[in-house]
Each structure stands twice: as C-alpha cells, then as structure tokens.
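Structural features, examined
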Amino acid sequence: CKAWHKKTRCTGSECTSGYEEARVPYPETYPGNNGGAFTPQSDADEASKCSKSDSVLQWLKCGIPCPVDFPMEVGDLVWQGVAVIGFMVISLAIGVFTYFKVKGDSSNYFVAGRNLPTWILVATLGCQCLDASTALGNLDLAYKYHFWDGAALPLGLALSLIVMGVFFAKPMNEMNLLTLPDAFARFYGEGAEVVCSLVTLVSFTFLLAGNLVGCGKIVSFLFGMDQYIGIMISTALIWAYASSGGLMSVTYTDLVQGAIGWTGFVIATAWIQNNMPNHAAVSAAYPVGDQTLYVEGIADADSYDPVPNAIFFNWVTVIVLAFGNCMALDFNARCFSAKNGNAARTGCILAGILAGTIGIANTFNAGTTRALYGPSSPHAEFVANSCSATITVIGCFGGAAADPSLNKTCNAVPLPGVPTCGEWKPDPYANLKMLTCSKPECHFFADFDGSGGYAAGTEDYFPMNAFLGGWYLLGIVAASMSTAAGAIVAMGTVFSHNLLRKTGKISETNLLPFARASTLLFSIIAGLIAMTRPNETGYFLIVAFDCVFAAGVVPLFALVYWKGIKPEAGFLSLVVGAVVRIVLEFVLPKDGLLLWVGSFALSFGPGIEDPEMFDEAIMFGKLAEVCPQEALLDMTGLDSLVSPAVSLVVLVLVQLLPIKGWGGKWFTPVPQVDAHSDEKREVVIVP
C-alpha cells in the first residue's frame, strides 16, 4: 500500500500551470485497525497499516475514506415502528367499523352513497394524490438525481386533479356512473368497456405495487426485517381494511390519514428546512455547490454541469401524470361519489392545489438528504472501477474560476488519489436514515467556504428531531395506505362490475361479495410485483399512468366533448394507443438510464489504475483515450408521447371518414343502468 500511494506524479515544468499546487496529495496514512471508524488511530504508525477492514477499493484506489456507519440501531427505532404498526391497525379498525355501515349496499361500497360534500372530497382526493410516490418516491428520486427528478411527481399529480376539475369532474358526476369503464360502455359499447377495464386494471395494479413498496420499505427499515416481509405485512393490513368497507372505509380513513399525514409533512418540513442543511456545499463532489436550480433545472439540459440532467424524461413525467391520471379509477370514483357536479369540480381543483403545494414543498427535504448522505458526505460510497472526464476530473482554478464562460474548457483538478470512483452509489434508505437519525453523533456536515448556507469553516452534527421524524414517517405511511386502499377498492369494483358481470352469473344480489373477493387477488398480484423492485418507490407510479395515458385519455376527452362520437372511433383509438405503446417499448433504443439530451449524457469509463497515466493524460490531452465514455441514448418518454398522438389520429380519421358502423353487442352504446336494478333506462348524454 505504501509503495502504491507514494508513486511520483508530474513536477515542475512538466505540469500544467497551477496543476502541482492544486493537486491534492495521496493519503499518507490509513484509518487502519480502528474498527472501520472514519477517524484514524492516534498512533500514526498503527494508522498507516493497511488493515483488512479498511482495504475497500474506494479508499485504496481513490483516496476516498470508507463510508461512515449509520449510528442508529434497530432497537433505537422500535417506538417509531410501533407507532407505524399501531396506525395501520387503527386504520384496520376503522375499516371494520365501516363494514357495518355499508349494509350490503353496493352503492355504499363502490361510491360511498353518492353524497360526499366538498370538504370531504378535498381530503380524500388530496390523500389519493399524496401517495408513496409523492411522499417518499419524490424524495428518493431527488436525492439520487436532483430536485426536478422528484418534484415532477407531485407536480404532475397535482396538475391532474386540476385538469380533472376543469374538464371532467362535473360532466362525469352527472352521468351517474359506477365506474370509469361504464362511461366507455355508454358511448362506445361493451368492447371499449372491456378494453378500458383491462387497461385500467393493469395500470392500478402497478399503482398499488408502488404504494406497497413505500409502506413496506418503512416497515422493514424500522424493524430491521427483510424488505419482502415488510411488503407482505403492509399488503395484508391494507387489503383487510380496504375490502371491509370499500370506498366508505377509504373515505373515513382518508380523513384521519390526511389530518395526521399532511400536518406531519408541513411541520416536519418547516423544521428540517430551518434546522438542518438543505444543500451540499462546494466540495470535490460538488465543485460549484448543490443549490437547487429551479428554472435552469427544468429548462437547460446542461444546468447540472458536470452531472447529466434527465430533463426530457422529467417533462414527459409531468405530462403523463397530468393527463394520464384523468383515467385514474380512484379519482373518478370520488368524483362519482360527490353529492353534485359542482362539489366534484371544486373538490378536485382545491385538492390539486393543496396536495401539490405540500408534495413539492416536501421534495425540498431531499436537498437535506443529499447534503448529509450524498456524494460529498462521510456516508458516500462509490464504484471504484469507474471514471468520468467531467466528474472525476473536476473544477477550475486561476482566472477561469471567476469566468462562467470557461467552465467547460478550463484546466481541471483531479480528485484526491487516483482519478477513478466516478460513479456514486446512492443509499436506497438515505431518506429514512435522515428522518430517523436523532443521536448527537448523527449527520456530520462541513461547510468550508460558506456555500452550504453556514459560516465558512462550519463543521457540526445535525441530528433529526425524533418526534418530528416519526410524525413524518406516519405521514408517508398514511399516504401509502390511502392510495393503496383506494386502488384495491377500485380494482375490485371494475373487475366484478365491468368484467365478471358479463358472464351472466353476477347480479346486484351477489356483486358485493365477488367484489370483496376479487380485491384479494389483485392485492396478491400487486404485492408480488412490488417485490420485484422493493426499493424503487417512484418507478411504478410512472408505469401505472403511462399505460392509461397512451390508450385512454384521447377517447375519454372525446366521449365527454365530441357529440356524436362513433363507437368504432373510440374503440380503435383505445386499442391502437395501447398497441403502439407496447410496440415502442421494445423498438426504441433504451439503456435504462433515462438520458437522451445534454452534453453530459455519457456512460462511465473504466477506472484509471495508474496515477502516472492519469497525470500524463491531463498534461497531453489524452483523457478521452484513458477514460473512454460513450454517449447515452435512452428514448424512454418518446413512446409515452407518440402513443396518444397516434390514438388521436386514429380517432379523428375513423370519426370523419365514411366508415360504416360495425354494430352488434360489442359496438353499440349501452343505455344507462340504475345501480340498484338490472333495468335499463334512457341514456343521459352530456354534451
């Protein structure tokens, strides 16, 4: 080890001007034989030994100290875990109570009696909007990447409620529907009803899976159990209370969950932003600091220089969620349950504004997590065998440092040690650690030059307030449970009412038992899907509404606003949109990194083993040869935009061309059916 780290580098005239002074020397001692602690032994000779516990590659190859251990143990988190489980049990008790309120009436189970006032609608719609993805998934994404990668989720969902309120809530409420596929049946026939049912069931299975991931992740973290066990526990408890009382139980629990969750988010966020670092300071990992770029981050693909920006995908996420959620079964069920159309419209708009404000404000807490658990923190872990010409060779010095126009061409300074370890490995539990680490030795933060919001030279610990951290976690669990329960009820309703009824063996008398039974099937399927990505809290939300955005949004607008729309036009628009989306998923180039545009959308190259080789590369401009990087190309998001565009073209062409109607059972509009009888009555068409 000593022989390795004392290899000579360039000196004197061989170096680029200013290079030798700026070059940070290799470490002369190791924190050896000190139990893996970040602080070296006081005995210099003992500390210089390369001990087994500290011989990790990021130290030996890169000169980056080993990650500091998380100071909290499972026993320290027991009371928070008990509070979470207790909250879930209380929700179950409320669900059992509403079982008797339903009284066997499917109208009470499916649409809560159609008499919900505006204030309850605001609470229950807001709770559906603030789910695990907008309460935890947004934090995880903003921590791993940057602010807009996380804020796109609550922004998109909030906009969807506003779009619902402006365009759909009132007319859909006045149609007296039981489910969203009923609207497709009424205007396009049973064929469109079945396709719509299948598409929305697939969508909501993924939505449910995402919320089970969020809830299960918290349960497993607090109790130190396997993450799959956490998902199983969450699935069982949420299914039990949701299936008991249907939408009525979800509505009752939404009031409790909203009161606890929303207040917890607001109060805890205010405390975090005022008492903890909210962005990383200037460091080797962040040569220009890490303050949020509000406008640039969503407008300039190179704004995070030298880190890539998934700006195209973020915009697509906002669009997909804003319009795809208009096909959300749970949002529509609450609009159907409103006492009138005006209440539905007002409830949607107010809920969107309120939930969006809370969700976006909540995303700012990811800046705190990045400061305390990001690449410049003592907890950082890196892939040793990875280099990047823009990341592992950082910063400017001399006159270039004061001239922003030279930021992409100025002389570079390598990181301490061999210039490798370019790829940072985010901690999947970083946000939960930030919210639960309350010991005095938690959350070390250094601000060397004042760029982190503190006095220059600040080095201190910033533990989380234990009570507020626990309250915040309850808010995330409440958000997860609310949306998950709504998804379970919605899927059971659609499956039994819109699909099983077509077998001829389901009627009003046995519809409710079949609906309750089917919720178990979908809960199990969603739980299994959740286990495939137990740490990706925001992923399933985007998948869920990508499905319905591609297939259903165009025919949904048409059935409400295009008078005399042909059943064939709506059906083909629905089917073609879905098929195009499936085909493009496999045809478009995708590498899984979601980067398409920008100067820094580059892969990592292999680690540079020889420090002398690196110095030569810097001096003679051979870095591209030593650290070869390929341009990334991931067109994820283009498929999401093309599919509804094709759906629209098909709908317009079929509607305007003189195509003869197909007729028959599957393509004849279904007259309105009273929810309490099997007798048909005249259809009420809303222009």
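Here goes a summary of the coordinates provided.

What counts and what doesn't
- Residues numbered from 1 in each chain as written.
- Predicted model: local features only at pLDDT ≥ 70, side-chain atom pairs only at ≥ 80, totals over all residues.
- Heavy atoms only, no water.
- Helix = DSSP H or I, 4+ residues; strand = E, 2+ residues; numbered from the N terminus.
- Buried < 20%, exposed > 50% of the residue type's maximum accessible area, 1.4 Å probe, protein only.
- Contact = heavy atoms within 4.5 Å.
- Areas by Shrake-Rupley, 256 points an atom, 1.4 Å probe, with all protein chains shown as cover.
- Core = buried A, V, L, I, M, F, W, Y, C linked by side-chain atoms within 4.5 Å.
- Salt bridge = Lys/Arg side-chain N within 4 Å of Asp/Glu carboxyl O.
- Phe/Tyr/Trp six-rings, centres within 6.5 Å; stacked < 30°, edge-to-face > 60°.
- Expected span 1.5 Å × (residues − 1).
- Arc of directions from axis to C-beta.
- Disulfide = S-S within 2.5 Å.
- Axes fitted to C-alpha atoms, helices over the stretch in contact; angles between N-to-C directions.
- Parallel < 35°, antiparallel > 145°, perpendicular 65-115°, else oblique.
- Left-handed = near helix turned anticlockwise from the far one by under 90°.
- Polar contact = N/O pair within 3.5 Å; in protein donor to acceptor, adjacent residues only side chain to side chain.
- Patch = residues over 30% accessible without salt bridge, like charges linked within 9 Å, V, L, I, M, F, W, Y side chains within 5 Å.

Notes on the overall build of the protein chain
Summing up its helical and strand segments, the protein chain has 26 helices and six strands in all. A buried classification covers 56% of the 687 residues belonging to the protein chain. Here the contacts in the protein chain between residues at least 6 apart in sequence split such that 80% fall between residues at least 24 apart. For the protein chain, the accessible surface area stands at approximately 26600 Å², while carbon and sulfur atoms represent 65% of it.

Some thoughts on the nonpolar core
Counting 147 residues, the largest nonpolar core has M172, F184 and F545 as its most contacted members. Examining the composition of this core, we find that 18 residues originate from one element, helix α19 (residues 466-499), more than from any other. Contact partners of F545, with chain neighbours within four places excluded, come to S203, F204, L207, V320, L321, G324, N325 and A328. Grouped together as the second largest cluster of nonpolar side chains are five residues, F147, W148, A151 and Y304 included.

Here we look at the pattern of salt bridges
All told, the structure shown has 14 salt bridges when counted by the stated rule. Note that D427 and K433 form a salt bridge whose closest N and O atoms lie 2.7 Å from each other. Owing to a relative accessible area of 17%, K433 belongs among the buried residues under this scheme. For K590, the salt bridge identified is with D639, shortest N-O distance 2.5 Å. Taken together, the positions of K590 in the loop between α23 (567-587) and α24 (611-619) and D639 in helix α26 (residues 638-656) put the pair 49 residues apart, joining distant regions of the chain. Residue K590 is classed as partly exposed on the basis of its relative accessible area, which comes to 29%.

Topic: the packing of aromatic side chains
Enumeration according to the criterion identifies 24 aromatic pairs in this entry. Note on F221 and Y429: the rings are 5.7 Å apart at their centroids and 15° apart in plane angle, and the pair reads as stacked. Taken as a pair, F221 in helix α11 (residues 190-223) and Y429 in the loop between β4 (423-424) and α18 (430-436) lie far apart in primary sequence, 208 residues in all. Exposure remark for F221: the relative accessible area of 13% places this residue in the buried category. Ring geometry for F495 versus F522: centroids 5.3 Å apart, planes at 80°, classification edge-to-face. Residue F495 is found in helix α19, and its partner F522 is found in helix α20 (residues 511-530); the two are separated by 27 residues along the sequence. Feature note: the residues F167, F168, F557 and Y561 constitute an aromatic cluster, connected by ring pairs.

Things to note about α26
Between its first and last C-alpha atoms α26 spans 27 Å; for 19 residues at 1.5 Å apiece the expected length is 27 Å, and the two agree. Of the residues making up α26, those classed as buried are D639, S640, S643, P644, S647, V650, L651, V654 and Q655. Taken down its axis, α26 places every buried residue within 130° of arc, on the same side. In this structure, the buried residues of α26 make contact with α14 (311-324), α21 (539-551), α22 (553-561) and α23.

Section: the state of the cysteines
Summed over the entire model, instances satisfying the criterion amount to one disulfide. Between C437 and C442 runs a disulfide, and the two sulfur atoms are separated by 1.9 Å. Residues C437 and C442 are joined through a disulfide that is left-handed, its torsion about the S-S bond being -80°. Like C442, C437 is buried.

So, the packing of helix α8 (residues 132-144) against α19
Relative orientation of the contacting elements α8 and α19 amounts to 125°, with a least axis distance of 7 Å. The pairing of α8 with α19 is recorded here as oblique in orientation. For the pair α8 and α19, contact is made by A132, A135, L136 and L139 and by Y472, I476, A479 and S480, respectively.

Let's talk about the packing of α11 against α20
A pair of packed helices is captured by two measures, namely the crossing angle of their axes and the spacing between those axes. α20 packs onto α11 with a crossing angle of 60° between their chain directions and a minimal axis gap of 8 Å. Relative to α20, the element α11 lies oblique. Where α11 crosses over α20, the two elements pack in a sense that is right-handed. Contacts between α11 and α20 involve L201, T205, F206, L208, A209, L212 and V213 on the former and, on the latter, F522, S523, I525, A526, G527, I529 and A530.

A few points about the side chain of H379
Structurally, H379 can be placed in the loop between α17 (365-373) and β1 (382-383). In this structure H379 comes out as buried when scored by relative accessible area, which is 18%. Here V68 takes part through its backbone oxygen, which lies 3.1 Å from a polar atom of the side chain of H379. Excluding its chain neighbours within four sequence positions, the residues that come into contact with H379 are P67, V68, D69, L372 and Y373.

Looking at unusual backbone geometry
For residues that are not glycine, phi is negative in most cases, and the peptide bond is trans in most cases. Although it is not a glycine, N176 sits at a positive phi angle of roughly 60°. Here N176 is to be found in the loop between α9 (147-174) and α10 (180-188). N176 gets classed as partly exposed once you look at its relative accessible area, which sits at 27%. Backbone geometry places H443, a non-glycine residue, at a positive phi of 65°. Relative to the helices and strands, H443 resides in the loop between α18 and β5 (444-447).

What to know about α20
The end-to-end C-alpha separation of α20 is 28 Å, in line with the 28 Å expected for 20 residues at 1.5 Å each. All of the buried residues along α20 are L511, L512, A515, R516, S518, T519, F522, S523, A526, G527 and A530.

Focus: the environment of D449
Inspection of the secondary structure assignment puts D449 in the loop between β5 and β6 (458-461). Under the relative-accessibility criterion, D449 is labelled partly exposed at 44%. Expressed as a C-alpha distance, the spacing of D449 and V282, which sit 167 residues apart in the sequence, is 7.3 Å. Residues within four places of D449 in sequence aside, it is in contact with V282, A456 and G457. A distance of 2.6 Å separates a polar atom in the side chain of D449 from a polar atom in the side chain of S451.

Re the environment of L157
Among the structural elements, L157 can be located in helix α9. Separated by 26 residues in sequence, L157 and D131 place their C-alpha atoms 9.8 Å apart. Aside from chain neighbours lying at most four places away, what touches L157 is C129, D131, T134, L321, N325 and L541.

Some words on a nonpolar patch on the surface
Together, V649, L653, L657, I659 and W662 give the surface a local cluster of nonpolar side chains, amounting to about 450 Å² of exposed area. When you line up the elements, L657 lands in the segment after α26. The class for L657 is partly exposed, based on a relative accessible area of 42%.

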